[in-house]
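Close look at the chain arrangement
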Amino acid sequence: MMKRLRSWSVMLRESVVMALDNIWGSKVRSFLTLLGIMIGVMAVITLITTVSGVSGTIASSFMNMGVGTLTVTVSGSDLKTGMTPENLATIAALEHVDGVVPSVSLNGRVSYGKEVNTGISVSGRNAYYFQINDEMILQGRSLNFIDDDNHSYVCVISQEIVDTFFLGVNPIGETLLISGLPFTIVGRYEEDSGGGIASIFSGSPAVMIPYTTALKVNNSNDVNSFTVYLVDGADSAEAQQEIEAAMDGIFDYEEDCYTIASMETVEETMNTMTSMMSTLLAGIASIALLVGGIGIMNMMLTTVTERTTEIGLKKALGAMPWQIQVQFLIESFLLSIFGGVIGVVLGLLIGAVCMLVISRNYHYMMNCYPDAGGVYAFTKETFGYDYGFLTAWFLALTYLAIFWANATSLPDSPHVAAWNLM
């Protein structure tokens, strides 16, 4: 038994050495054969890396802006068109709710001196918004509850307004005309990142004023959009049910008066879309793998045809058909492995470059998938294996099946046997 195992190990070692010699002896042909597998694996890895990295970065940003929040959009009914400040207070008093931030859009031009701009977004917010985003004020003060109660004509501005109207000038204390009404600037804030789901799609406002003042300027008493901030540790589903019950009571249980959106819903939709996109792109890129596999089969067919004399000599010296087949199988297996490894490495490098260029946030992939620079662990977690190495194994097993199917029907003629090897 030991003697047989030793002879098999010697045969396997010599077969590997001969396969490497044959690959090295035909460098150009071997390289062109490897090129198909390299491009196929590289394309799959690069596409999956780029899609997963970008979608992961976007999802992370969404979650940071919407953790612990629910956004309510009110369409109203025939009798009640929106939420009043008293209704908002009812929602804020619920058990799972920490606070409510109304969002009142203001349409009108913004001017300072002789400069006028009609493309600036103005939003009404309350003091609670600045209370939970206490680090966003860079200069001056934020809006407070006194401003809300007194309908004060004060505002806080973003850097966009400073660049537009106040270059080289301290804006604090200056008067900004909004819809023809004078508002005193009391603070400057950094770009809004805590407005919940609504801010993700509508963007950050350039000017914020007390929401009660915004309602007064709009000649309205209705709030049609607000963000609910949940208490720490609150279950989002339970909180949503509690809010729905309160909203039903406010609108006398009429249907289709409001919608509630949570980050879980957005995340599920995004995951479904990105999963479909990744699968589609991987399927398209896999065509290159098929082409690469055909290239290896073509090369092996040519190799066997060119080496009919060698095959005949081996059979004349007593080599069994399966032993000859193993040699060619090892050669095709090594080509597949080399192509797969090089393709994975190139895919990692190109994927990293794509992430740096597209999103500037490739560190997200590194943080989430540190086991192998992002791509290896992602493909392993998603598919249960590494795609590049799986390709090599799959092709090798395919060749094994082809060779083994012909193993029992090899005729004595070396020329005919050479053809049957494939």
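Let me sum up the structure you'll find in this document. (Residues numbered from 1 in each chain as written. Predicted model: local features only at pLDDT ≥ 70, side-chain atom pairs only at ≥ 80, totals over all residues. Heavy atoms only, no water.)

1. Side note on the sheet that holds strand 1 (residues 69–74)
- Reading across from one edge, 2-12-1-13 is the order of the four strands in this open sheet, with antiparallel pairing throughout. The two strands at the open ends of the sheet, each matched to only one other strand, are strand 2 (97–102) and strand 13 (258–262). Pairwise comparison of adjacent strand axes, ignoring direction, gives a mean angle of 20 degrees for this sheet.
- Where strand 1 and strand 13 come together, five bridges link them in antiparallel fashion. Bridged to Val-74 within strand 13 is Tyr-258.
- Here helix 3 (residues 85–92) sits on the sheet and contacts strand 2 and strand 12 (225–230); the angle it forms with strand 2, its principal contact strand, is near 155 degrees.
- Together, strand 1, strand 2, strand 12 and strand 13 form the strand contacts of helix 9 (residues 236–250), whose direction differs from that of strand 13 by roughly 165 degrees. (Pairing = 2+ DSSP bridges. Helix = DSSP H or I, 4+ residues; strand = E, 2+ residues; numbered from the N terminus. Axes fitted to C-alpha atoms, helices over the stretch in contact; angles between N-to-C directions. Contact = heavy atoms within 4.5 Å.)

2. A few points about the packing of aromatic side chains
- Across all of its chains, the model carries five aromatic pairs by this definition.
- Geometrically, the ring pair formed by Tyr-112 and Phe-166 is tilted, given 4.4 Å between the ring centres and 55 degrees between the ring planes. With Tyr-112 in strand 4 (residues 110–112) and Phe-166 in the loop between helix 6 (159–165) and strand 9 (175–178), this pair connects stretches of sequence that are 54 residues apart.
- Given a relative accessible area of 23%, Tyr-112 falls into the partly exposed group.
- Ring plane angle 70 degrees and centroid distance 5.9 Å describe the contact between Tyr-128 and Tyr-229, whose orientation is recorded as edge-to-face. Of this pair, Tyr-128 sits in helix 4 (residues 127–132) while Tyr-229 sits in strand 12, and the two are 101 residues apart along the sequence. Tyr-229 carries the same exposure label as Tyr-128, and that label is buried. (Phe/Tyr/Trp six-rings, centres within 6.5 Å; stacked < 30°, edge-to-face > 60°. Buried < 20%, exposed > 50% of the residue type's maximum accessible area, 1.4 Å probe, protein only.)

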